[in-house]
Amino acid sequence: ATMKQEEKRDVVLPRVGSNDITRVACSQGCRWSSVLLSWTPTEEDAKKGSVNVIIRSTDGKGGKAEQSFTIYIHPSNRSPKIKVLKQIKVKEGEVVQSKLEAFDPDGDTLLYVLEDGPTDLTLDEKTGEWRWSPKKWDVGRWRVKVRIEDQKGGVAWGRFGIEVEDANQTPE
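It should be emphasised that the depicted structure is a prediction, and the values quoted were computed from it without experimental measurement.

**Some remarks on the layout of surface pockets**
- If you add up the space inside the largest pocket, you get close to 190 Å³.
- Looking at the lining of the largest pocket element by element, the count peaks at four residues for strand β10 (residues 96–99).
- Considering only residue class, the lining of the largest pocket consists of seven nonpolar, two polar and four charged.

Here's what the structure looks like:
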């Protein structure tokens, strides 16, 4: 059997003679109910990659049955993490640039995607580096939303604001 770490599987127990199973012994800390076995892998099980299970049942009348199998465990994929982004101020005509700080706890390669923001803001999908040079018509507040994917189903979102100030304001 193959399963992901967070999955729970039920396994049919071997039957002995009649339908009356009076005693079941199970390795690896399994729980059983009726004729189903339930077990959820731990982090330690996932690190091992597989677990050997032996199920023995007796009917109390001398009948015995045994079933053994290996469960292969695929560690669950954890989502990327992104550092909290702050509000940025820039004057029109200036260049503002930075790099998104993100990492994947599983070491997976990240992909950066601009979901919302100024149309001429550029984001390097491989490095997370972004750049923008707001024009006079960009004066005001902008919200930027980025998606970071690990390409194995893990996703994180980051949001930050850019406030563009008018460069030609009269001093107070």
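**Description of the side chain of Asp108**
- Among the structural elements, Asp108 can be located in the loop between β11 (102–103) and β12 (111–116).
- On the basis of relative accessibility, which here comes to 13%, the residue Asp108 falls in the buried class.
- The contacts of Asp108, once residues within four sequence positions are left out, are Asn77, Asp150 and Lys152.

**A closer look at the nonpolar core**
- Membership of the largest hydrophobic core comes to 15 residues, with the highest contact counts inside it found for Leu100, Trp130 and Ile162.
- At the level of elements, β14 (129–132), β15 (140–149) and β16 (155–165) are the ones that each hand at least two residues to this core.
- For Leu100, the residues in contact, after removing those within four places along its chain, are Leu85, Tyr112, Leu123, Gly128, Trp130, Val146 and Phe160.
- Listed in part, the eight residues of the second largest apolar core include Val51, Val53, Ile71 and Ile73.

**Quick look at the sheet that holds β15**
- Reading across from one edge, β9-β16-β15-β12 is the order of the four strands in this open sheet, with mixed pairing throughout. For this open sheet the edge positions go to β9 (88–91) and β12, each flanked by a neighbour on one side alone. Each neighbouring strand pair of the sheet contributes to a mean axis angle of 30 degrees, computed without reference to strand direction.
- In this structure, β12 lies alongside β15, joined through five bridges in antiparallel fashion. If you follow Val113 over to β15, its bridge partner there is Arg147.

**Looking at the sheet that holds β14**
- An order of β10-β14-β13 is seen for the three strands of this open sheet, with the pairing classed as antiparallel. Looking at the sheet topology across the chains shown, the edges are occupied by β10 and β13 (122–123).
- In terms of strand pairing, β13 meets β14 through two bridges, oriented antiparallel. The residue bridging Leu123 from the neighbouring strand is Trp130, located in β14.

Rules and cut-offs
- Residues numbered from 1 in each chain as written.
- Predicted model: local features only at pLDDT ≥ 70, side-chain atom pairs only at ≥ 80, totals over all residues.
- Heavy atoms only, no water.
- 1 Å grid on protein atoms, 1.4 Å probe; cavity = no way out; pocket = protein on both sides within 12 Å on 5 of 7 lines; lining within 4 Å.
- Points joined across faces, edges and corners; volume = space filled by probe spheres on them.
- Helix = DSSP H or I, 4+ residues; strand = E, 2+ residues; numbered from the N terminus.
- Nonpolar A, V, L, I, M, F, W, Y, C, P; charged D, E, K, R; others polar.
- Buried < 20%, exposed > 50% of the residue type's maximum accessible area, 1.4 Å probe, protein only.
- Contact = heavy atoms within 4.5 Å.
- Core = buried A, V, L, I, M, F, W, Y, C linked by side-chain atoms within 4.5 Å.
- Pairing = 2+ DSSP bridges.
- Axes fitted to C-alpha atoms, helices over the stretch in contact; angles between N-to-C directions.

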